[in-house]
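# Topology and contacts: notes
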Amino acid sequence: MARIQVLQLPDSIDELCPFVLIFDQAQDLIAANELLAHDPLDALQAATGAKAVFITAATVDIRHP
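Let us now look at the overall build of the protein chain. A tally of regular secondary structure across the protein chain gives two helices and three strands. The N-to-C order of helical and strand elements in the protein chain reads β-β-α-α-β. Dimensions of the protein chain along its principal axes, counting C-alpha atoms only, are 40 × 25 × 10 Å. Taken over 65 residues, the protein chain has a buried fraction of 22%. Restricting to contacts in the protein chain with at least 6 residues of sequence separation, those with at least 24 account for 55%. Carbon and sulfur atoms make up 60% of the accessible area of the protein chain, which amounts to about 4,900 Å² in all.

Pasting the structure below:
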C-alpha cells in the first residue's frame, strides 16, 4: 500500500515552508497513472502548492531532524 510523506525543504527568501510530496511503495499508483491520458501529479502539485510530487515503487525513509 502506498504511503504519502512530506519532505520539508529549507525556507527561502521567496517562500516559507516549501515541501515535496512523496508517494512511496506505490506500485499500484504507478500502474494506474500509466493508464491515464493526463498526469494527475501536475494537478496535485498545483492544488497543494508542493514544489514537486514524486511517485516511486521503492521505500523512502525521510529523516526529520
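On we go.
Turning our attention to the sheet that holds strand β2 (residues 19-24). The three strands are arranged β1-β2-β3 in an open sheet whose pairing can be described as mixed. Strands with a single pairing partner mark the edges of an open sheet, and in this sheet they are β1 (3-8) and β3 (52-55). Sheet twist, expressed as the average angle between the axes of neighbouring strands with direction ignored, equals 20°. Of the strand pairs in this sheet, β2 and β3 are connected by four bridges, and their pairing is parallel. Note on β3: the bridge partner recorded for leucine 21 is valine 53. The sheet strands contacting helix α2 (residues 40-48) are β2 and β3, and the helix crosses β3 at an angle near 140°.

What follows covers the pattern of salt bridges. Pairing between side chains becomes possible if they bear opposite charge and their charged atoms approach one another. Across all of its chains, the model carries two salt bridges by this definition. Taking the shortest distance from any N to any O, the salt bridge between aspartate 24 and arginine 3 comes out at 2.5 Å. With aspartate 24 in strand β2 and arginine 3 in strand β1, this residue pair connects regions lying 21 residues apart in the sequence. For aspartate 24, a relative accessible area of 0% gives the class buried. Accessibility expressed as a relative area gives 30% for arginine 3, which makes it partly exposed. Measuring nitrogen to oxygen at the nearest pair gives 3.8 Å for the salt bridge that ties aspartate 61 to arginine 3. Pair noted here: aspartate 61 is in the segment after β3 and arginine 3 is in strand β1, with a separation of 58 residues, a long-range link. Taken together, the shared-partner salt bridges in this structure form one network comprising Arg3, Asp24 and Asp61.

Conventions adopted
- Residues numbered from 1 in each chain as written.
- Predicted model: local features only at pLDDT ≥ 70, side-chain atom pairs only at ≥ 80, totals over all residues.
- Heavy atoms only, no water.
- Helix = DSSP H or I, 4+ residues; strand = E, 2+ residues; numbered from the N terminus.
- Buried < 20%, exposed > 50% of the residue type's maximum accessible area, 1.4 Å probe, protein only.
- Contact = heavy atoms within 4.5 Å.
- Areas by Shrake-Rupley, 256 points an atom, 1.4 Å probe, with all protein chains shown as cover.
- Pairing = 2+ DSSP bridges.
- Axes fitted to C-alpha atoms, helices over the stretch in contact; angles between N-to-C directions.
- Salt bridge = Lys/Arg side-chain N within 4 Å of Asp/Glu carboxyl O.

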